[in-house]
Amino acid sequence: MSGIVRGNVGFNDLKIPGMWSRKIGKDLYEVFIGPQHPGSGHMRIIIRIDGDIIVEAEPDMGYVHRTMEKLSEGRAWIKAIPLFERMAIHDACNVTLPYVRAVEKLLGIEAPLRAKYLRVLLCEINRIAAFLYGFGIFGVFLGHSTMYMWPFGDREVWVELAEWLTGARLTHTYPVFGGVRRDVPEGFTDSLRKAIRYMRRRLEDYRKIFVDNPVIRARLEDVGVIPRNLAIELGITGPNLRASGVRYDVRKNHPYEVYDELDFEIPVFQEGDAYARVHQRVQEILQSLRILEQVADWLDKHPREPVMHERFWKTAPPLYKKIFQETGRVKLGAVMAIMKIPQGKAYERGETARGEISYYVESDGGNKPYRIRIHSASARNALVYKYIVPGHRVMDLPAIYGSIDYFPPEADR
Amino acid sequence: MEPQEVVDLVRRVLGDMVRDVKIWKGNDYIEVEIDASSIREAAARMKEAGFDHVKDVTAVDYMKEGRFRIIYNLSSYNNFDLSYYIVGLAYDIPRDKPETVSLADIYTSAEFQEREVYEGFGIIFKGHPDLKPLLLSPPVAEQKPLRKDFIVREEPEIKVEKKR
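Reading the values: rules and limits
- Residues numbered from 1 in each chain as written.
- Chains lettered and ligands numbered in written order.
- Predicted model: local features only at pLDDT ≥ 70, side-chain atom pairs only at ≥ 80, totals over all residues.
- Heavy atoms only, no water.
- Helix = DSSP H or I, 4+ residues; strand = E, 2+ residues; numbered from the N terminus.
- Contact = heavy atoms within 4.5 Å.
- Areas by Shrake-Rupley, 256 points an atom, 1.4 Å probe, with all protein chains shown as cover.
- Salt bridge = Lys/Arg side-chain N within 4 Å of Asp/Glu carboxyl O.
- Polar contact = N/O pair within 3.5 Å; in protein donor to acceptor, adjacent residues only side chain to side chain.
- Pairing = 2+ DSSP bridges.
- Axes fitted to C-alpha atoms, helices over the stretch in contact; angles between N-to-C directions.
- Phe/Tyr/Trp six-rings, centres within 6.5 Å; stacked < 30°, edge-to-face > 60°.
- Buried < 20%, exposed > 50% of the residue type's maximum accessible area, 1.4 Å probe, protein only.
- Lys NZ or Arg CZ within 6 Å of the ring centre and 35° of its normal.
- Parallel < 35°, antiparallel > 145°, perpendicular 65-115°, else oblique.
- Left-handed = near helix turned anticlockwise from the far one by under 90°.
- Nonpolar A, V, L, I, M, F, W, Y, C, P; charged D, E, K, R; others polar.
- pLDDT = per-residue confidence, 0-100.
- Domains from an automatic or database assignment.
- Buried area = accessible area lost by both parts, 1.4 Å probe.

Caption draft 1: Region of the structure containing the overall build of chain B. Looking only at helices and strands, chain B features 4 helices and 7 strands. Helices and strands appear in chain B in the N-to-C order α-β-β-α-β-β-β-β-α-β-α. Across its three principal axes, chain B shows a C-alpha extent of roughly 65 × 45 × 30 Å. Restricting the contact set of chain B to residue pairs at least 6 apart, pairs at least 24 apart contribute 55%. Carbon together with sulfur atoms contributes 48% to the accessible area of chain B, which is approximately 8,200 Å² in total.

Caption draft 2: Examining the interface of chain B and chain A more closely. Between chain B and chain A, the contact holds 54 residues from the first and 50 residues from the second. Inspection of the chain B/chain A interface yields 9 salt bridges. Among the salt bridges present, the one from Glu356(A) reaches Lys55(B), with a minimum N-O distance of 2.9 Å. Joining chain B to chain A, the criterion identifies 34 residue pairs in polar contact (both at pLDDT 80 or more). Of all the elements in the fold, those that place two or more residues in the side of chain B that touches chain A are β2 (29–34), β3 (53–62), β4 (67–75) and α3 (111–121) of chain B. With 10 residues, the single largest contributor to the side of chain B that touches chain A is β3(B).

Caption draft 3: Just the pairing of strand β1 (residues 18–23) of chain B, in detail. Alignment of β1(B) against β2(B), held across 5 bridges, turns out to be antiparallel. Note on β2(B): the bridge partner recorded for Val18(B) is Ile34(B).

Caption draft 4: Molecular detail of the sheet that holds β3(B). Residue and element names in this part refer to chain B. Strand order in the open sheet formed by 5 strands is β1-β2-β5-β4-β3, and the pairing between neighbours is mixed. With partners counted over all chains shown, the strands left at the sheet margins are β1 and β3, one partner each. Strand-to-strand twist of the sheet, defined as the mean angle between neighbouring strand axes without regard to direction, takes the value 20 degrees. Looking at chain direction, β3 and β4 are connected through 9 bridges and run antiparallel. Bridging across to β4, Asp 61 finds its partner in Phe 68. With respect to the sheet, helix α1 (residues 3–14) is in contact with β1, β2 and β5 (86–94), its orientation differing from that of β1 by roughly 170 degrees. Contacts from helix α2 (residues 39–48) reach β2, β4 and β5, with the element oriented near 170 degrees to β5.

Caption draft 5: Looking closely at the pattern of salt bridges. Throughout the structure, instances matching the rule amount to 60 salt bridges over all chains. Two residues, Lys97(B) and Glu99(B), come together in a salt bridge whose shortest N-O distance is 3.9 Å. Beyond isolated ion pairs, a larger network of salt bridges with shared partners links Lys345(A), Arg19(B), Glu31(B), Glu33(B), Asp35(B), Glu65(B), Arg67(B), Arg69(B) and Asp92(B).

Caption draft 6: Structural detail: the packing of aromatic side chains. Tallied over the full model, the rule gives 23 aromatic pairs over all chains. When the ring of Tyr84(B) is compared with that of Tyr85(B), the centres are 5.1 Å apart and the planes differ by 75 degrees; the resulting orientation is edge-to-face. Relative accessible area serves as the criterion here: at 3%, Tyr85(B) is assigned to the buried category. Feature note: the residues Phe84(A), Tyr99(A), Phe177(A) and Tyr359(A) constitute an aromatic cluster, connected by ring pairs. Here Arg251(A) stacks its cationic end above the ring of Tyr259(A), 5.8 Å away from the centre of that ring. Over the ring of Tyr370(A) we find Lys148(B); its NZ or CZ atom is 4.1 Å from the centre of that ring.

Caption draft 7: Molecular detail of unusual backbone geometry. All names here are of chain A. A positive phi angle, near 45 degrees, is found at Thr 173, a position not held by glycine. Its identity is not glycine, yet Arg 413 carries a phi of approximately 60 degrees, on the positive side. Relative to the helices and strands, Arg 413 resides in the segment after α18 (408–412).

Caption draft 8: Structural detail: helix α6 (residues 188–211) of chain A. Along α6(A), the residues classified as buried are Phe188(A), Thr189(A), Leu192(A), Ala195(A), Ile196(A), Met199(A), Arg202(A), Leu203(A), Tyr206(A), Phe210(A) and Val211(A). Among the structural elements, α4 (113–141), α5 (145–166), α7 (214–220) and α11 (274–301) of chain A are those in contact with the buried residues of α6(A).

Caption draft 9: Just the packing of α11(A) against helix α17 (residues 396–404) of chain A, in detail. Residues and elements named next belong to chain A. Between α11 and α17, the shortest axis-to-axis distance is 9 Å and the interhelical angle comes to 25 degrees. On the basis of their axis angle, the class for α11 and α17 is roughly parallel. Considering how the two elements wind past one another, α11 and α17 form a crossing that is left-handed. Between α11 and α17, the residues in contact are Ala 274, Arg 277 and Arg 281 and Ala 399, Ser 403 and Ile 404, respectively. In terms of residue class, the contact of α11 with α17 is built from 3 nonpolar, 1 polar and 2 charged.

Caption draft 10: Structural detail: the confidence of the model for chain B. Residues and elements named next belong to chain B. Confidence along chain B averages 86 in pLDDT terms, with 95% of residues attaining 70 or more. By mean pLDDT, the top-scoring element of chain B is β4 (91), and the lowest-scoring one is helix α4 (residues 138–141) (85). In the predicted complex, the global pTM is 0.88; the interface-specific ipTM is 0.87.

Caption draft 11: Focus on the domain arrangement of chain A. Residues and elements named next belong to chain A. Structurally, chain A comprises domain 1 (5–60) and domain 2 (68–412). Taking only C-alpha atoms, the centre of domain 1 and the centre of domain 2 are 34 Å apart. Summed over both sides, the interface between domain 1 and domain 2 buries roughly 1,500 Å², with carbon and sulfur atoms accounting for 73% of that surface. Summed over the shared surface of domain 1 and domain 2, the number is 1 salt bridge. Here Arg 393 ties to Asp 52 by a salt bridge, and the two come within 3.4 Å at their closest N and O atoms. Counting across the domain 1 and domain 2 interface gives 4 residue pairs in polar contact (both at pLDDT 80 or more). Breaking the side of domain 1 that touches domain 2 down by element, the ones donating at least two residues are β5 (44–50) and β6 (53–60). Looking at the side of domain 1 that touches domain 2, the element that brings in the most residues is β6, giving 6 residues. Grouping the amino acids of the side of domain 1 that touches domain 2 by side-chain chemistry returns 11 nonpolar, 5 polar and 2 charged.

Structural data, given as C-alpha cells:
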C-alpha cells in the first residue's frame, strides 16, 4: 500500500492519511478515524481492531460544537431562531419549527391555518433536500461517485424552490412566532408540481443505478443490523428506527401543524440493516412528495389570507401593514425583539429528516430564555457507533456511517 | 389517552414517591417531581410501565435558590397512546454538592446525555460507565459553562445616542 508512511513513534505505528493507529495490546490496534475523513467529516470514531474486526468503537463528538444552549440564554427569543438553524442548514425549517411552536405554546397563540400549510410545505421541501444530501454523502462513502453527483444536482431543484419561497437557499428563518414570513409567490405551485414529477422520475433512476446495484447490495445487506429491541433501548430515531420495525413518527404520534389532516403513510421495514435504511429513505421521499401534492392542491383552492397571527400585525406601523397586505411579506416589528414570554415550561418535538428533535424551553418571564435544552436526531443516533459497530469489519464502518445519515453539526449543536 | 389518565398512571406506578405533578401548557408535557433518593427506583418502575426510552436528560440551574433540577424526559416508542406525552421525571439536588446517581444502566439512551449534563454543569453521575466530557474539551468542561454564574462575554450591547 503506497499511502502508508511509517510514523516516528514506533515500529508498530502506522500513519495513513486521515487515520492514525497504534498498537495497544497483542493483536490489538487502536485506530483514530477522523475528524477529517473523506466523507462528511468533523467527527472522530476511535476503533480498536483485532486484525480486520472491530472489537470496540467509541464516537468522539464535539468538533463543531457551538454552545447553542448557552448562547440562546443571552439573546432575545427571536434571535435564537437563526442560531438554531445552524444545526442543519439544509433542514432549517424542520429544525427550528419545534422551537417556534414551543414559544407559541408559552404565548398561548397559534399560527393561522394558511401559515400552518406553508410551514408544512417548507418542512417537506427541506426534508427531501436533506435526504438527497444524505444520499450524496452515502455515495461518497461507498465510492459511488454517480450517487454523489446526482442527488446533489437534484437537491438543487428543492433548494431553488425554497429560495423562491423564502428568499434564502438554506437558512430560511421562515417560521417565526405567530406564523411565517412570506406567502407563496405567484406560480409557485405549478413549479412545485413539476418538481414532484421530476423527483418521481429520478427516484426510478436512483433505483437502477444505486439501490438495485449488486455491488451496493453486497456492501449493505446484513451490515449494521439494529435489532428492534436495541433500537428502542438506544433511543434511535427517524428513518433508522423505522427501518428496524418500529412504527414511530412524530408527525403521526404527536401530530403538529396540519399533519393530522394530510393523507400519508409511515413506511416501516423490518430488516434493520443498512440496505433497509436506504429503502426507508426512498420510501420517505415518496411520502413527502405525496404530502407536497396535497399542500399544493390546498394552496390553489384557498384564497390568500394573513399568514401571521393578528397579535403581531395589529399593532404594526401603517407602512408595515401596507407591505404585509399588498405583498404578503411580513416585516418583523420591534415588538418581536423585546417580546417577553410568560413564565412556564414547554416541551415540543418535531420530525426532521434524520429523526426527532426535541426542545425543552423554560421561561422566567423575561425577554431572554432561561434555559433551552435541544436534543437533535443525530445526537440520538450517535449511540449506534458504540453499540452496533463492534463485530463488523473496518470496511463496513463507512457503510454504517453513511446509512445512519449522521450529520455532525446537528449532533454537536 | 387524556393527560389526566397519564397522571393517574404515573401516580399508580410511582405511589408515594410522587411529590408533585404538573401538566404544562399544551397538555402534552407532564412534570413529575420526586425525591432525589428515589430516582433509581422510580426510573426502573417507569420503564416497566412502558416508558421505554429517555427523550432527553437535562439540568436547570436555579442559582438564587441554590439548587439544580435534573430532569429525565421519558417517552415511549412501543405504546402509541403514551408516545403522545412526555413525562419529565424531575428532582432537585443542592448546588454546593452536585452529585447524583446515574441511570445509564436502566436507560441506555441516557448514557451520552448524562455526560453532557456532567460537562455543562459539573454534576457527577455516580455509577456511570464512562463519565467524561462528550462535546467539550476537558479545560472548557472544567469551567462548567452551562451554569448561570458562567457569563458569556460577547456581543456587547451598543447603545446608540439619539441624534437631535
